[in-house]
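# Overview (structure and organization)
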Amino acid sequence: QLGVLVKGGAQLDRMARVNIVAFDKTGTLTAGRPAVTAIRGKDCAHPVAANDDCGTCEDVVAVAATVETASEHPLAQAVLASAQSRGIANRLPQAANITAHMGRGVSGDLAGERIAVGTHELFAHGENCIDQVCTEAAGLQSTGKTVMLVGRGNHMVGYIGVEDQPRPDSQAALNELHALDPQLRTVMLTGDNRNVAESIAKQIGGIDEVRASLLPEHKQSVIRELQARGTVAMVGDGINDAPALAQADVGIAMGGGGTAQAMETADVVLMQDNLHAIATALRISRLARTVVKQNITLSLGLKLAVLALAIPGLASLWLAVLADVGATLVVTLNGMRMLRAR
């Protein structure tokens, strides 16, 4: 009824103990629909805006589009959208042997040349970088944009700057979590560089800790580290988040736009991309745990009362039956209070 699918009672019980919530950034705290905001070709005099016309910059976008066609990653979709808006989406054929490099980018083969789009690490720690281009790319990253370097063969052809925006409900959802439990800590995990991560965290607010430049296996290690400090819930939506979702005490997947891998791995699925449902799920789980404790206390209390009366011979068989049925009715009615929870 509230748009939250919990896969079992054990998961619901663990969720009641959560005191650390880790969030993936792209597609979870942000809209997951980044747009190209800057392009620079190696022969350009200066970077151009996303909607400016420049033959060299169009070449950069066209080359990047050849390997991004097969990807569902939000950054790839931003490149393809830019190529389509410029009418160059089909200028070059799709690359062959496309390979995704987790957390670093994507590469493929085009007419015997290697096409690569991604971070410095994808380019052998930037050894093929052109100084001016890479310096500008680093400067662009410091402003909070995600920058993808584009290479063709053994040469760097330019870079593409992409920017994502926080979800409209991110800040309110985080504030709701802190209102629910002032001791609860929130952590943002992202593969983006620290400048981008800090910029997004500052825009959203309510994030206690930021971990940046993380590969999928690094996210899993961070979750393991956080588990030494408490019970951790991980919120994510992508394939890259699956290892962290599996490692967390409670994995929470965004069901509206999440991948099948994330939803299969997670313990809890939000049926819509509504971050407010996280606080709702935690509130319901804590209420459920409280009701369970109340029911155990009520049930055992009635049993002990009848036992205390039976020892001196004051309890009859009918009283024992009444106490047993009465305990069943009491705990059932008490549990039904959960139906009014919102």
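Structure first, text after, so check above.
Quick caveat: nothing in here was measured; it's all calculated off a predicted structure.

Helix and strand content of the chain: 12 helices and 14 strands. The C-alpha radius of gyration of the chain comes to 27 Å, more than 25% above the 20 Å expected for a compact globule of 342 residues. Structurally, the chain occupies a C-alpha span of about 100 × 35 × 30 Å along its principal axes. Residues classed as buried in the chain amount to 46% of the 342 residues present. Across the chain, contacts joining residues at least 24 apart in sequence account for 60% of those joining residues at least 6 apart. Here the chain has roughly 16200 Å² of accessible surface; of this, 55% comes from carbon and sulfur atoms. The centroid of the 29 positive side-chain charges in the chain is displaced by 9 Å from the centroid of its 33 negative side-chain charges.

Right, let's get into the sheet that holds strand E14 (residues 268-270). Within the open sheet, the seven strands sit side by side as E1-E14-E13-E12-E2-E10-E11. Their pairing is mixed. Strand pairing shows two members of the sheet lacking a second neighbour, strand E1 (4-6) and strand E11 (209-211), which therefore form its edges. The mean inter-strand angle of the sheet, taken between neighbouring strand axes irrespective of direction, is 20°. In the sheet, strand E13 (residues 250-254) pairs with E14 via three bridges, with the strands oriented parallel. Counted as the bridge partner of alanine 253 is valine 269 from E14. Taken strand by strand, helix H7 (residues 194-204) contacts strand E10 (185-189) and E11, and its axis lies near 150° from that of E11.

This part is about helix H4 (residues 74-85). Given 3.6 residues per helical turn, the α-helix brings residues three or four places apart onto the same face. Between its terminal C-alpha atoms H4 stretches 16 Å, which fits the 16 Å expected from 12 residues at 1.5 Å a residue. At the exit of H4 stands glycine 87, carrying a positive phi of roughly 75°.

Basis of the calculations
- Residues numbered from 1 in each chain as written.
- Predicted model: local features only at pLDDT ≥ 70, side-chain atom pairs only at ≥ 80, totals over all residues.
- Heavy atoms only, no water.
- Helix = DSSP H or I, 4+ residues; strand = E, 2+ residues; numbered from the N terminus.
- Rg over C-alpha atoms; globule rule 2.2 N^0.38 Å.
- Buried < 20%, exposed > 50% of the residue type's maximum accessible area, 1.4 Å probe, protein only.
- Contact = heavy atoms within 4.5 Å.
- Areas by Shrake-Rupley, 256 points an atom, 1.4 Å probe, with all protein chains shown as cover.
- Lys, Arg positive; Asp, Glu negative; His and termini not counted.
- Charge placed at Lys NZ, Arg CZ, Asp CG, Glu CD.
- Pairing = 2+ DSSP bridges.
- Axes fitted to C-alpha atoms, helices over the stretch in contact; angles between N-to-C directions.
- Expected span 1.5 Å × (residues − 1).

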